[in-house]
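# A closer look at the structure
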Amino acid sequence: MKPVCVSMLLAVLLANTPFAYAEDDVTRGKYLVTIMGCGDCHTPGYFLGKPDLAHPLSGSDVGFEVPGAGIHWGPNLTPDRETGLGQWSDKEIITAIRKGVTRDGRHLIPVMPYRNFSVLTDRDARAIVAYLRTLPPVRHAVPQPVPPGEKASAPYMTVVMPH
Ligand code: HEC
């Protein structure tokens, strides 16, 4: 076999091999999650001044009200299958982070900074997923989104439009 064929074969093999997480990716992912502030909006207690560091990224107890879009709480990002990202594929998680679209095709409110996150490299996006997969799964469902004009039963922050 000519050398060029070997490298092509390798390239094809690599492209089709599922991404295997290296320890370095998890370390990098943890670093990125920390500096990108995911914990601000996804860790309970963060906005109340007492982040629950025993249950990081397990879902915020303070939501965001955006005029015309209702109220949304930062969901649980731990690998719990019922209330977290346990059933999401890597690709689905990366699409939510970079495009702001959930696995059901819903557009997230832009409080989730996906416009900034859209420039994440593939490598860094995968590192974030690798780290999220290592979190202890926490069973914690955040409140369902509240449609505009309806009452919330959990705390939230709001954008006030002055008249
Ligand atoms: C400024 C607040 C904020 C920051 C920072 C933030 N998020 Fe979010 N995120 C949200 C909110 C609010 C939602 C829910 C929006 C909605 O339901 O429309 C969300 C939704 C998501 C979802 C969809 C989950 C689901 O169950 O629907 C994922 C995945 C996600 N964020 C991951 C991340 C990651 C990873 C980071 C850091 C790299 C991050 N977020 C940083 C506020 C934030």
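What comes next concerns the included structure. (Residues numbered from 1 in each chain as written. Predicted model: local features only at pLDDT ≥ 70, side-chain atom pairs only at ≥ 80, totals over all residues. Heavy atoms only, no water.)

## A closer look at the site of the ligand
- Near the ligand there are 23 residues, and of these C38, C41, H42, R106 and M112 occur at the shortest range.
- Between the ligand and the protein, one listed contact pairs a nitrogen atom with a side-chain N or O atom of H42 at 2.8 Å.
- Between the ligand and I109, the relevant distance is 2.9 Å, taken from an oxygen atom to a main-chain nitrogen or oxygen of the residue.
- Counting only elements with at least two residues in the shell around the ligand, the list comes to α3 (38–42), β2 (70–73) and α4 (90–99).
- Ranked by the residues each element gives to the shell around the ligand, the list is headed by α3, at three residues.
- Looking at the shell around the ligand residue by residue, the class counts come to 17 nonpolar, five polar and one charged. (Near = heavy atom within 4 Å. Polar contact = N/O pair within 3.5 Å; in protein donor to acceptor, adjacent residues only side chain to side chain. Helix = DSSP H or I, 4+ residues; strand = E, 2+ residues; numbered from the N terminus. Nonpolar A, V, L, I, M, F, W, Y, C, P; charged D, E, K, R; others polar.)

## Examining the environment of G100
- Along the chain, G100 falls in the loop between α4 and α5 (114–117).
- A relative accessible area of 0% places G100 in the buried class.
- Residues G100 and F117, 17 residues apart in the sequence, show an inter-C-alpha distance of 9.1 Å.
- Beyond its immediate sequence surroundings of up to four residues, G100 is in contact with T95, R106, H107, L108 and Y114. (Buried < 20%, exposed > 50% of the residue type's maximum accessible area, 1.4 Å probe, protein only. Contact = heavy atoms within 4.5 Å.)

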